[in-house]
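Notes for the structure review
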Amino acid sequence: MTVVSMRPDHTLDTGPAFLWDRQLRAAIETIGASSGPPPRAMLIGNAGSGKSESLRHLHRVLLDRGEAAILTQLPHAAVIERTASDTVLLIDDAHLLDEEQFAQLTTRAADPAAALIVAARPWPASEHLRVVARMLERTLPAIVLGHVSRSDVLPYLDAHGRAMPEPCLQHILEATGGVTWLVAEALAQHDELDCAADAAHGELERALQETILHRLDTVSPDHHDAVEALCVRAARRAATDAAADDAALCGYAEGLLLRSGRPVPLVLSAVRAAIPVRRLAELTGPLAAAQPGADSADPDFLALAEEIGAETVGAALVRQGDRMLDAEPGRAEEAYREALLCGADPSALTARRTRAAWARGDLDTAIAIAEDATAVTSAADGDLLTDISAGVWAARGMMAQADAVYRARPPDTVDSAALASIAAFGTGATSSTPARDAGVAPSTLSVSMDLLRRGLEASTAGDCSEAVLADFVRAAEMYTSSRASGAVPELPAVIAAVVALSLGATSTARAVIDDAIRGGHGGPWAAPRLLLWRAWVAVQCARPGEARADLAQARELTGDLSARDALLAHAVRVAIARRYEDASGADEAWRHARGIVLRTEIDLFLLHPLAELISAATRAGDAARIRPHFARALEITAQLDDPPLWIAHLRWAGIQQGILLGNPAHLTPHAKALVAASADSHVAAVMAKAGRVWTSVLGGSVDPAAVEAAAAGLASIGLKWDGARLAGHGAGRTDDRKVAARLLACARELHPTDGTRKTAETGDTAEQGSTRTTPEDLLSDREIEVARLVLQGKTYAEIGEAIFISPRTAEHHIAHIRNRLGATSRSEVLTKLRQLIGEDHAVTSIRPVRASATGQSPSPQLRVSG
């Protein structure tokens, strides 16, 4: 046993050794000097630091020297004023003086010839005390008491004839934080007999708890509560405002907190051991922050309260976080953070914290925790971290990286292996999933994963039957029922909806997404993605109002969409603009989408939005920008041997691109691919037939029955807009007015235009009792549609294409509008339309387009210039 003792040259001749002898030595030596300035000093120390005992000791030293000295506490102002300047005035607890007392004390301190020694606590601090301290420190630096070290304890032990084993001394200094009063109490109560069988000094700490708690009870209720809160949240302050700073200073002045505001270790353990269960539950941030008014009926509180007492605070908080993880990941994450502050094992919380961050949609935090993990406690935790890393890469629009994560860290569990297969199929690869152990009972989640894997394997093998769709739909239902909220490369409900759309079953796709949203499929993080896919399906079903509403709601649920979701959101916006807005609106939607297209890689589950973006980019003259993504999509499907279910819509996008480019050679390979897939896919067969009819129409051969049949076929597989466009193109290519009218009626029936329109507003300055004519008072619904397009600068042909009427019919509508408005000139038509409907575009004139130089008679057109 190593025993420490004091070196002989540490003793002072001025009296018994104190723990704080070293700090006090300068003042004693200054006072002991036979000549020099009058004694002036400032002592600052927290409760129990020895400042009062130091004043008494200095008083005795002065009296022994024959000096006139007065030791007082809270003296009357008159006493300070009447005391002669050569009499040493020693004032204790100066922090408690009132304004009048401070006024006299400041006057005395300002006199450098006046002898004055003042002792005070660091709190409550006042400007008066700071002024006095600065004056006294001109003579001698402030003597700061309250913290002792090994070099202070050794002389103290030796002076009192005691020895102590080195490990015991180190433990006491660490547990007390070197706070003077606690070190003194620990030294007084230390018993080597207890230490022999208690190296952790548990008995010593328990003996000190009552003393610590008694001191805590002497402070004000507000400061008492603040110290308790800091002990429960040991690694940080509860707040950063002035009240919290004041509470921290009070705790420091009472010898309960360190100067940084953190609890002294012994104080920390004492408070945690004695704090009532309800108070502890209130101080755990997850409950107090989310439900500040929680009472004893709060189930979250009751669940936590049952845990506390039998376990450590950290373990109880971990269990509480586990209970909240699926439904309230934000609160769960806070619980785990608190558990770490309370000493929980970080490696045991890595997977939980990562999952909570993922569930909140905080992808950056989730992957940062996962990538920083150096150890996990189980194979399941390892797979969870792998799943989240892969899920984040997929959400960033980089499915190939998600697949790479799984290949670098092959899953140990079958369910995680099923997720790996999603990433593999998404990149055009295949993944062998190990068979599930026959001796393990299936769970709802495991059944979902098995059905999903089986569906993917069958669909990529060429099966386009209803049985394949049924597997995907049931997989989505089982996943919803499992209440799973973990990371996935793609949601089962989304995959099921994509497959349904690929098979032309738009109603099934809508039902799958609706059920998933109602059931909380995937947890809170998945809600925006599901809403975006419902918006996509709504566009395909010609429900633009619903699509806009779902798109807006998805954006409200999350601050920033992931790259994958942002691509889908822009595809929805582009689809709405192409179908229901003018050419400038469609071009603008594409311009906004271009940035996210560059930042996102295409995978198997994004082929539908890609098809929309291919047409939009081509329509805007930007086909080169989308070409790499189109090529990558063809590469993915080729790696899977061009499964009919997955290639049909992609190849149809190629045909549409060829039509928009006016390049028959471009669409030929896509048409051939659809013909080849027709034997196994009804959707491919319908598209192949429609492609042939469309090609004939573009060549000038319009068979109305064939066009109607092809258009209806497209509508039956969920391509209503394409069917309407085919009929519209047929109407525009025929010289037979009856055939044109028939095909335009077919187009309007397949894909009605959006009926929303602005209502006329009454001006604030209108005369009382006056009314304003609305568009509906003068024009029919169709004429209002035409009028708006006129104000947007549309030609007759463009108006006809936009609302599926012939250019000649558009001209007739405009003539009727002119008569209704009583306009006699083109400019007057525009002026009155702006007044009636609204000035959406600056338009200056209307002029018909003249015959071309070649002598060909163009279709009647309307030009609006500005």
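Above: the structure in question.
Residues numbered from 1 in each chain as written. Predicted model: local features only at pLDDT ≥ 70, side-chain atom pairs only at ≥ 80, totals over all residues. Heavy atoms only, no water.

1. With respect to the overall build of the protein chain
In terms of regular secondary structure, the protein chain is built from 44 helices and nine strands. Counting every position in the protein chain, which comprises 866 residues, the buried fraction comes to 52%. Across the protein chain, the fraction of contacts at a sequence separation of at least 24, relative to all contacts at a separation of at least 6, is 65%. Total accessible area on the protein chain is roughly 37500 Å²; 51% of this is exposed by carbon and sulfur atoms. (Helix = DSSP H or I, 4+ residues; strand = E, 2+ residues; numbered from the N terminus. Buried < 20%, exposed > 50% of the residue type's maximum accessible area, 1.4 Å probe, protein only. Contact = heavy atoms within 4.5 Å. Areas by Shrake-Rupley, 256 points an atom, 1.4 Å probe, with all protein chains shown as cover.)

2. Focus on the environment of Thr87
When you line up the elements, Thr87 lands in the loop between helix H3 (77–82) and strand E4 (88–92). C-alpha of Thr87 to C-alpha of Glu67: the two residues are 20 residues apart in sequence and 7.4 Å apart in space. Excluding residues within four positions of it along the chain, Thr87 makes contact with Ala68, Ala69, Ile70, Arg108 and Ala115.

3. Observations regarding empty space enclosed by the protein
This structure, assessed with the given rule, holds five cavities of 30 Å³ or more. Of the pockets and cavities examined, the largest cavity occupies roughly 240 Å³. Along its surface, the largest cavity is lined by 20 residues, and Gln540, Ala611, Glu612, Leu719 and Asp722 are the ones closest to its centre. Counting only elements with at least two residues in the lining of the largest cavity, the list comes to helix H28 (527–540), helix H30 (563–580), helix H32 (607–619), helix H34 (644–661) and helix H38 (720–733). Here the residues of the lining of the largest cavity are counted per class, giving eight nonpolar, seven polar and five charged. When its volume is computed, the second largest cavity comes out at roughly 40 Å³. If you go around the second largest cavity, the residues you meet are Ala27, Thr30, Ile31, Pro39, Arg40, Ala41 and Leu140. Elements supplying a minimum of two residues to the lining of the second largest cavity: helix H1 (21–32) and strand E2 (40–45). (1 Å grid on protein atoms, 1.4 Å probe; cavity = no way out; pocket = protein on both sides within 12 Å on 5 of 7 lines; lining within 4 Å. Points joined across faces, edges and corners; volume = space filled by probe spheres on them. Nonpolar A, V, L, I, M, F, W, Y, C, P; charged D, E, K, R; others polar.)

4. Remarks on the sheet that holds strand E6 (residues 143–145)
Taking strand neighbours across the sheet as the criterion, the five strands line up as E3-E4-E5-E2-E6 in an open arrangement whose pairing is parallel. Every interior strand has two partners, whereas the edge strands, strand E3 (69–73) and E6, have only one. Across the sheet, the mean angle from the axis of one strand to that of its neighbour is 15°, orientation sign disregarded. As paired elements, E2 and E6 share three bridges and run parallel to each other. Following the sheet pairing, Ile44 is matched in E6 by Val144. (Pairing = 2+ DSSP bridges. Axes fitted to C-alpha atoms, helices over the stretch in contact; angles between N-to-C directions.)

5. Section: the packing of H30 against H32
Pairs of packed helices are described in terms of their axes, by the angle between the two and the distance that separates them. It is at 9 Å that the axes of H30 and H32 come closest, and there the two elements cross at 50°. Overall, the two elements H30 and H32 adopt an arrangement that is oblique. Note that H30 runs across H32; the crossing there is left-handed. Taken together, the residues of H32 that come into contact with H30 (itself represented by Leu567, Leu568, Ala571, Val574, Ala575, Arg578 and Arg579) are Pro609, Glu612, Leu613, Ser615 and Ala616. Taken together, the residues of the contact of H30 with H32 sort by class into eight nonpolar, one polar and three charged. (Parallel < 35°, antiparallel > 145°, perpendicular 65-115°, else oblique. Left-handed = near helix turned anticlockwise from the far one by under 90°.)

6. Quick word on the side chain of Ser459
Mapped onto the elements of the fold, Ser459 is located in helix H24 (residues 444–460). Assessed through its relative accessible area of 0%, Ser459 is described here as buried. At 3.1 Å, the side chain of Ser459 forms a polar contact with the backbone oxygen of Leu456. Those residues within four positions of Ser459 in sequence are excluded, and the remaining contacts are Val468, Phe472, Pro643, Leu645 and Trp646. (Polar contact = N/O pair within 3.5 Å; in protein donor to acceptor, adjacent residues only side chain to side chain.)

7. A word on the pattern of salt bridges
If you walk through the whole model with that rule in mind, you get 36 salt bridges. The shortest N-O distance in the salt bridge between Arg65 and Glu67 comes to 2.9 Å. Glu67 gets classed as partly exposed once you look at its relative accessible area, which sits at 26%. As a salt-bridge pair, Arg360 and Asp362 come within 3.1 Å of each other at their nearest N and O atoms. (Salt bridge = Lys/Arg side-chain N within 4 Å of Asp/Glu carboxyl O.)

8. Notes on the packing of H34 against helix H35 (residues 664–677)
In the contact formed by H34 and H35, the axes pass within 8 Å of each other and the chain directions differ by 150°. Here H35 runs roughly antiparallel to H34, going by the angle between their axes. When you trace H34 past H35, the crossing you get is left-handed. Judged by residue contacts, Pro644, Ile647, Ala648, Arg651, Trp652, Gly654, Ile655, Gln657, Gly658, Ile659 and Leu661 of H34 engage His666, Leu667, Pro669, His670, Ala671, Ala673, Leu674 and Ala677 from H35. The residue makeup of the contact of H34 with H35, split by class, is 13 nonpolar, five polar and one charged.

9. Comments concerning the environment of Glu328
For Glu328, the position within the fold is in the loop between helix H17 (313–324) and helix H18 (329–341). On the accessibility criterion, Glu328 (34% relative accessible area) is partly exposed. Separated by 32 residues in the primary sequence, Glu328 and Arg360 place their C-alpha atoms 8.5 Å from one another.

10. Considering H35
In an α-helix there are 3.6 residues to a turn, and that puts residues three or four apart on one side. A rise of 1.5 Å per residue sets the reference length of H35, with its 14 residues, at 20 Å; its end C-alpha atoms lie 20 Å apart and thus fit the reference within 8%. When we look at burial in H35, the residues that qualify are Leu667, His670, Ala673, Leu674 and Ala677. Lining the buried residues of H35 we find helix H33 (623–639), H34 and helix H36 (682–698). For H35, the N-terminal cap is Asn663; the gap from its side-chain oxygen to the backbone nitrogen of Ala665 is 3.1 Å. (Expected span 1.5 Å × (residues − 1).)

11. A few points about the pairing of E2
One face of the sheet, then the other: side chains in a regular strand alternate in exactly this way. Of all six residues making up E2, five are buried, and the element is well covered by its neighbours. Across five bridges, the pairing between E2 and strand E5 (residues 116–120) is parallel. Paired with Ala41 across the two strands is Ile117, which belongs to E5.

12. Observations concerning the pairing of E5
Burial within E5 is extensive, with five of its five residues counted as buried. The pairing of E4 with E5 spans three bridges and is parallel. Bridging across to E5, Ile91 finds its partner in Val118. Handedness of the E4-helix H4 (residues 99–110)-E5 crossover: right-handed. (Right-handed = clockwise from strand over helix to strand, strands pointing away.)

13. A closer look at the packing of aromatic side chains
A full pass over the atoms with the stated rule returns three aromatic pairs. On the basis of an interplanar angle of 55° and a centroid distance of 6.1 Å, the ring pair of Trp652 and Trp694 is categorised as tilted. Of this pair, Trp652 sits in helix H34 while Trp694 sits in helix H36, placing them 42 residues apart in sequence. The side chain of Arg215 reaches across the aromatic face of Trp181, ending 3.9 Å from its centre. Looking at Arg259, its charged tip hangs above the ring of Tyr252, at a distance of 5.3 Å from the centre. (Phe/Tyr/Trp six-rings, centres within 6.5 Å; stacked < 30°, edge-to-face > 60°. Lys NZ or Arg CZ within 6 Å of the ring centre and 35° of its normal.)

14. Description of unusual backbone geometry
Omega for the peptide link from Trp123 to Pro124 comes to 0°, which places this bond in the cis form. With respect to the secondary-structure elements, Pro124 resides in the loop between E5 and helix H5 (127–136). Not every positive phi belongs to a glycine, and Ala542 is a case in point at roughly 60°. Summarising the element assignment, Ala542 is placed in the loop between H28 and helix H29 (544–557). Of note in this structure, Asp641 is not a glycine but carries a positive phi near 65°. By secondary structure assignment, the location of Asp641 is in the loop between H33 and H34.

In short, shape yes, function no, at least from these values alone.
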